[in-house]
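Listed below are the residues making up each chain.
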Amino acid sequence: MCRRPDAEAFDQMRLLLIGAPGAGKGTQAELLAARFGIAHISSGDLLRQHVRDQTPLGRTVKSYLDRGDLVPDGLVMTMLREPVLAAVNGYVLDGFPRTVDQAKASYAVVRQLGAEVQAAIHLAVPREELMRRLLARGRGSEDGEAVIEHRLEVYQERTVPLLDYYAGREWMFTVDGSRSAEAVHEDIAGRIQKLADMIAGPT
Ligand code: AP5
Ligand code: MG
């Protein structure tokens, strides 16, 4: 694969998107994956695919997704191991890790492989905008109003502590995710380029 001009100080770019349901993790992950030539790994998309395919994992996790509860850590970690290890050109993770426990457990695994996350990106979007987007999208049982409310509560309780965790360990930044998808993307890409320049040092 030819080397991209963007953010070329990274041999293997490894990014993580953190944001509430509807914040645009999937949308931004797609754009970043295309721009930097890295894999997009979405825990939610993979879980929904297992449900559609009615695999044993899909049958186990369906009720969690329908309720908007988190799937047990061990199941998600096992599911993601292969795609993360296969992403030899780098990755953007969307929806994982989602709790401090998941972050700690996955760090222990990927560290040995030198594949730990380099930058965590937090998409900040006001609650009313999240509700508007998710109700407009209507992704089956997951996007009913009561389930959306519950997903937002779970985010607040289980995922928001992850922001402090990453702020203390990795290079993390928050972007205003309420703008157009293109504006958010350009903001993120610009900051990643700065990080890459910093890593490369003075020329
Ligand atoms: P997951 O699939 O990760 O869902 P989520 O966090 O609820 O987020 P969404 O995918 O709904 O939103 P998003 O932030 O990706 O936004 P999107 O780009 O789609 O998880 C689903 C379930 O799986 C969980 O509830 C849990 O059960 C389980 N799960 C997943 N990961 C897990 C884990 N690690 N551990 C345990 N359980 C796990 O955008 C949303 C909408 O807004 C779209 O219609 C889009 O077009 C629109 N939009 C996006 N950006 C913009 C913009 N800038 N302006 C206007 N509209 C926009
Ligand atoms: Mg998503």
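First, a word on scope: everything that follows refers to the structure included in this document. On a predicted model such as this, the values are computed, not experimentally measured, just so you know.

## Some points on helix α3 (residues 56–67)
Since the α-helix advances by 3.6 residues per turn, residues separated by three or four positions end up pointing in the same direction. Of the positions making up α3, those classed as buried are Leu57, Gly58, Val61 and Leu65. Each buried residue of α3 lies within a common arc of 85° when the element is viewed along its axis, so the set occupies one face. For α3, the exposed residues lying more than 90 degrees away from the buried face are Pro56 and Arg59. Residues of α3 that are buried in the fold lie against α2 (43–53) and α4 (73–86).

## With respect to unusual backbone geometry
With omega at -10°, the peptide bond leading from Phe96 into Pro97 counts as cis. Relative to the helices and strands, Pro97 is located in the loop between β3 (90–94) and α5 (100–113).

## Things to note about the packing of aromatic side chains
Tallied over the full model, the rule gives two aromatic pairs. When the centroid spacing of 5.3 Å and the interplanar angle of 85° are considered together, the rings of Tyr165 and Tyr166 count as edge-to-face. Seen in terms of ring centroids, Trp171 and Phe173 are 5.3 Å apart; in terms of plane orientation they differ by 70°. Their pairing is edge-to-face. With a relative accessible area of 29%, Trp171 lands in the partly exposed category. Taking the relative accessible area as the measure of exposure, Phe173 reaches 7% and is therefore buried. Positioned above the aromatic ring of Tyr64 is the side chain of Arg67, whose terminal nitrogen or guanidinium carbon lies 5.1 Å from the ring centre.

## Topic: the site of ligand 1
In the vicinity of ligand 1, 31 residues are found, and the nearest of them are Thr27, Ser43, Asp69, Arg98 and Arg151. One nitrogen or oxygen atom from the main chain of Gly24 is found 3.1 Å from an oxygen atom belonging to ligand 1. Taking Arg179, its main chain carries an N or O atom lying 2.8 Å from a nitrogen atom of ligand 1. Counting only elements with at least two residues in the shell around ligand 1, the list comes to α1 (25–36), α2 and α6 (127–137). Among the elements that take part in the shell around ligand 1, α2 stands out by supplying four residues, more than any other. Grouping the amino acids of the shell around ligand 1 by side-chain chemistry returns eleven nonpolar, ten polar and ten charged.

## A few points about the packing of α2 against α3
How two helices pack is summed up by the angle between their axes together with the distance between the axes. Taken N-terminus to C-terminus, the directions of α2 and α3 make an angle of 115°; their axes are 8 Å apart at the nearest point. Like other packed secondary-structure pairs, α2 and α3 cross with a definite hand, here left-handed. Counting all contacts with α2, which are made through Leu47, Arg48, His50 and Val51, the residues of α3 involved are Leu57, Gly58, Val61, Lys62 and Leu65. Residue composition of the contact of α2 with α3, grouped by class: five nonpolar, two polar and two charged.

Scoring rules and cut-offs
The written sequence of each chain sets the order in which its residues are numbered from 1. To read the labels, note that chains go from A and ligands from 1, taken in the order they are written. In keeping with the predicted nature of the model, local features appear solely for residues at pLDDT of at least 70, side-chain atom pairs appear and are counted solely at 80 or more, and the whole-chain, interface and lining totals rest on all residues. With hydrogens and water excluded, all non-hydrogen atoms of the structure serve as input to the side-chain values. Burial classes follow relative accessibility: with a 1.4 Å probe on protein chains only, a residue under 20% of its type's maximum area counts as buried, one over 50% as exposed, and anything between as partly exposed. Helix and strand assignments follow DSSP, with helices taken as H or I runs no shorter than four residues and strands as E runs no shorter than two, numbered in order from the N terminus. Think of the arc as the fan of directions from the helix axis to the C-beta atoms. Between two residues, a contact is recorded if the distance between any of their heavy atoms is within 4.5 Å. The pairing test for Phe, Tyr and Trp rings, Trp by its six-membered ring, is centres within 6.5 Å, and the orientation test on the planes gives stacked under 30 degrees, edge-to-face over 60, and tilted for anything in between. In this analysis the charged atom, NZ for Lys or CZ for Arg, is taken to sit over a ring once it is within 6 Å of the ring centre and within 35 degrees of the ring normal. Here a residue is near a molecule or strand as soon as one of its heavy atoms is found within 4 Å of it. As used in this structure description, the phrase polar contact means that two N or O atoms lie within 3.5 Å; if the pair is within protein, one of them must be able to donate a hydrogen and the other to accept it, and residues adjacent in sequence are counted only when both atoms belong to side chains. Each residue is assigned to one of three groups, with Ala, Val, Leu, Ile, Met, Phe, Trp, Tyr, Cys and Pro labelled nonpolar, Asp, Glu, Lys and Arg labelled charged, and all others, Gly among them, labelled polar. Fitting a line to C-alpha atoms yields each axis, with helices limited to the stretch in contact; the angle taken between N-to-C directions then spans 0 to 180 degrees. The hand of a helix crossing depends on one turn: near helix anticlockwise from the far one by less than a right angle means left-handed, and clockwise means right-handed.

Keep in mind that these numbers describe shape and distance, not what the molecule does.
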